[in-house]
Amino acid sequence: MNHLNRRDFLKGSSALAALASFGLLGMDFKDREGPIQVALIGTGWYGKSDLFRLIQVADVEVVGLCDPDRTILEAAGKLVSERQKSGNVPPLFEDYKKLLAETKPEYVLIGSPDHWHALMAIDALKSGAHVYLQKPISVDVIEGEAILAAARKYNKKVQVGTQRKSTPHLITAKKEVIDKGLLGKISHAEICCYFHMRANGNPPVEPVPSFFNYDLWTGPAPLRPYDGLPHIRWWRTFIEYGNGITGDMCVHMLDTVRWMLALGWPTQITSSGGIYVQKEGKSNISDTQTAIFEYPELNVVWQHRTWGNPVDKDYPWAFKIFGEHGYLVGSTMQADFIPYGDDKKPIHFDLVLEEEQFPEDVTEERIELNAAPATRLHMKDWLNSIEKDTLPIADIQEGHISTASCILANISMDLGGRALKYDPKTMTVIGDQEATSKLRRPYRAPYVHPEPNKV
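Residues numbered from 1 in each chain as written. Predicted model: local features only at pLDDT ≥ 70, side-chain atom pairs only at ≥ 80, totals over all residues. Heavy atoms only, no water.

Novice: Is there a simple way to explain the pattern of salt bridges in this structure?
Specialist: As a working rule, side chains carrying opposite charge can pair if their charged atoms are close by. According to the stated counting rule, one finds 27 salt bridges in the structure shown. Notably, a salt bridge pairs Glu 102 with Lys 98, separated by 4.0 Å at the nearest N-O pair. One end of the pair is Glu 102 and the other is Lys 98, both in helix α5 (residues 96-103) and 4 residues apart, which spans about a single turn. The class for Lys 98 is partly exposed, based on a relative accessible area of 45%. Linked by salt bridges that have partners in common, Arg 53, Arg 83, Glu 354, Asp 361, Glu 364 and Arg 376 make up one network. (Salt bridge = Lys/Arg side-chain N within 4 Å of Asp/Glu carboxyl O. Helix = DSSP H or I, 4+ residues; strand = E, 2+ residues; numbered from the N terminus. Buried < 20%, exposed > 50% of the residue type's maximum accessible area, 1.4 Å probe, protein only.)

Novice: I'm lost on the packing of helix α7 (residues 141-153) against helix α13 (residues 396-414) in this one. Help?
Specialist: The relative placement of two packed helices comes down to the angle between their axes together with the axis-to-axis distance. With their axes 9 Å apart at the nearest point, α7 and α13 run at an angle of 175° to one another. Here α13 runs roughly antiparallel to α7, going by the angle between their axes. Residue-level inspection shows Val 141, Gly 144, Glu 145, Ile 147, Leu 148, Ala 151 and Arg 152 of α7 in contact with α13, the latter providing Ile 396, Gln 397, His 400, Ala 404, Ile 407 and Leu 408. In the contact of α7 with α13, the residues fall into 8 nonpolar, 3 polar and 2 charged. (Axes fitted to C-alpha atoms, helices over the stretch in contact; angles between N-to-C directions. Parallel < 35°, antiparallel > 145°, perpendicular 65-115°, else oblique. Contact = heavy atoms within 4.5 Å. Nonpolar A, V, L, I, M, F, W, Y, C, P; charged D, E, K, R; others polar.)

Novice: It is not clear to me how helix α3 (residues 45-57) should be interpreted in this structure. Could you clarify?
Specialist: Quick reminder: α-helices carry 3.6 residues per turn. Residues three or four places apart thus point the same way. With 13 residues, α3 should cover 18 Å at 1.5 Å per step; its first-to-last C-alpha distance of 19 Å lies within 8% of that length. The buried count for α3 comes to 12 of 13 residues, which makes it a mostly enclosed element. Within α3, the full set of buried residues consists of Tyr 46, Gly 47, Lys 48, Ser 49, Asp 50, Leu 51, Phe 52, Arg 53, Leu 54, Ile 55, Gln 56 and Val 57. (Expected span 1.5 Å × (residues − 1).)

Novice: In this structure, what is going on with the packing of aromatic side chains? I would like to understand it.
Specialist: The geometry of an aromatic ring pair is captured by two quantities: the separation of the ring centres and the angle between the planes. Inspection of the entire model under this criterion finds 16 aromatic pairs. Seen from their ring centres, Phe 322 and Tyr 327 are 5.2 Å apart, and the 35° between their planes marks the pair as tilted. Three or more aromatic residues joined by ring pairs form one cluster here, namely Phe 212, Tyr 214, Trp 217, Tyr 226, Trp 234, Phe 238 and Tyr 241. When the ring centre of Trp 307 is taken as reference, the NZ or CZ atom of Arg 305 above it lies at 5.3 Å. A cation over an aromatic ring shows up here: Arg 366 above the ring of Trp 45, its NZ or CZ 4.3 Å from the ring centre. (Phe/Tyr/Trp six-rings, centres within 6.5 Å; stacked < 30°, edge-to-face > 60°. Lys NZ or Arg CZ within 6 Å of the ring centre and 35° of its normal.)

Novice: I keep staring at α13 and nothing clicks. Help me out?
Specialist: Under the 1.5 Å per step criterion, the end-to-end length of α13 is 26 Å for 19 residues, consistent within 8% with the ideal 27 Å. With 16 of 19 residues buried, α13 lies mostly within the body of the structure. Looking at the residues trailing α13, positive phi occurs at Gly 416, about 85°.

Novice: Help me understand the side chain of Asn 370 in this model?
Specialist: Tracing the backbone through its elements, the reader meets Asn 370 in the loop between α11 (360-363) and α12 (372-388). Residue Asn 370 is classed as buried on the basis of its relative accessible area of 17%. At 2.9 Å, the side chain of Asn 370 and the side chain of Thr 332 are in polar contact. Setting aside its immediate chain neighbours within four residues, Asn 370 contacts Thr 332, Met 333, Leu 351 and Leu 353. (Polar contact = N/O pair within 3.5 Å; in protein donor to acceptor, adjacent residues only side chain to side chain.)

Novice: Which parts of the structure should I look at to understand the pairing of strand β12 (residues 317-323)?
Specialist: Across the 7 residues of β12, 7 count as buried, placing the element largely inside the fold. Both faces of β12 are covered, namely the face carrying Trp 317, Phe 319, Ile 321 and Gly 323 and the face carrying Ala 318, Lys 320 and Phe 322. Examined bridge by bridge, strand β8 (residues 186-193) and β12 share 7 bridges and lie antiparallel to one another. Bridge assignment links Ala 189 to a residue of β12, and that residue is Ile 321. When β12 meets strand β13 (residues 326-330), the two strands line up antiparallel, connected through 5 bridges. Paired with Phe 319 across the two strands is Gly 330, which belongs to β13. Connecting β12 to the antiparallel partner β13 that follows it, the hairpin turn spans 2 residues. (Pairing = 2+ DSSP bridges.)

Novice: Looking at this structure, how should I read the sheet that holds strand β3 (residues 60-66)?
Specialist: On the basis of which strands lie adjacent, the open sheet formed by 6 strands has the order β4-β3-β2-β5-β6-β7 and parallel pairing. Every interior strand has two partners, whereas the edge strands, β4 (92-93) and β7 (158-160), have only one. Relative to strand β6 (residues 130-133), strand β5 (residues 107-110) runs parallel, the two sharing 4 bridges. The residue of β6 that forms the bridge with Leu 109 is Tyr 132. Here helix α6 (residues 117-126) sits on the sheet and contacts β2 (36-41), β5, β6 and β7; the angle it forms with β6, its principal contact strand, is near 160°. Sitting on the sheet, α12 is in contact with β2, β5, β6 and β7, with an inclination near 160° to β6.

Novice: Explain unusual backbone geometry here, please?
Specialist: Outside of glycine, negative phi angles account for most residues, and trans bonds account for most peptide bonds. In this chain, Lys 135 is followed by Pro 136 through a cis amide linkage whose omega measures -20°. When you line up the elements, Pro 136 lands in the loop between β6 and α7. Even without glycine at this site, Lys 104 takes up a positive phi of about 45°. Position of Lys 104 relative to the elements: it lies in the loop between α5 and β5. Positive phi is not limited to glycine here, since Asn 155 has a value of about 55°. Looking at the element boundaries, Asn 155 is found in the loop between α7 and β7. For Asn 155, a relative accessible area of 51% translates into the label exposed.

Here it is as structure tokens:
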């Protein structure tokens, strides 16, 4: 086996130098005169993780942190003071609008739950900031159209946290397999997630703790009876705040296949599924779902199950791209080219880690070590796009297509599996008024749903 492992990848140069050859790296932002002014909205697990990766690759001064949970917010302030060069505890805010008005950050990272993404991103763009926005970018399709319109109107760069495009071993796999045509004609792709990640249960309703502004956390979403802190996994199990496993996990792998194969909007989307097994708890997202994203002479088929065993134990969350001469399978952990025929050699692509260069990764609580190098490159690409006035690799338009496609899959499932054809020019589902009406979710008063022509 031709094994492109970590040692070979690093041989003769650093991983970053090697990745520069793919056009991902530009100027060294650690050499910029003066720190960049950064704010983080949403100081939970992944928001902090994104911020710490940015601190590792650029000279950063965190000018503000925002979260409606005071306990999490204060803990984040202490951690940031230990990580950033100045040693300062940033100003702490409960309301993100106050943060934007008082600190006027150049760069804003948004790590809030999905139901807040659109309003926060649009307000940050209006304030003059470039935005790093976690995926999925929105909970409905028109929210995504509005963020895209705002980014273009205010001429700001929005990098979406679909960082598989910046994952070292997947960049190499794309270059060595897809770009060199080893697969031949590609006519099918499969994407999947079989993680048991659907939180479930029946916790009792209880009083809201004094340190948590639950009404503000809920924002434009429906106000569910409070049944415990929603922060870790619990909010993702409710369709009120997101789009289930498809919105959370399919968006990554669909986006990866689209990037590798240069695909745009699907011509048609169908999906079926529901709660087939895990019926005992409050969770209202599907535990089983299949979706088909159709392209000319190519289908991308998604499946998730939050129960049972994965189809391939080595690739429980992954993509497989099938061509006439073989297939490429990849995940956050590794990738493999499997050729058809005994006369051709498979190629394995190993995960690249950077513990030696960034030893703080090893001790960071809840860090996804496999994703850290990708997020660092993603941050560098974002900063580079701002410096050079080019679109970042995970530009908001690409993030919108991947997000909206997953949302449309859920709409198809809700409508009994009928085929949907979305027209981004008219922002309607062609010939389907009922599906079109589901492109906007109702907002809880006094919040107002953003519109693309009013940003």
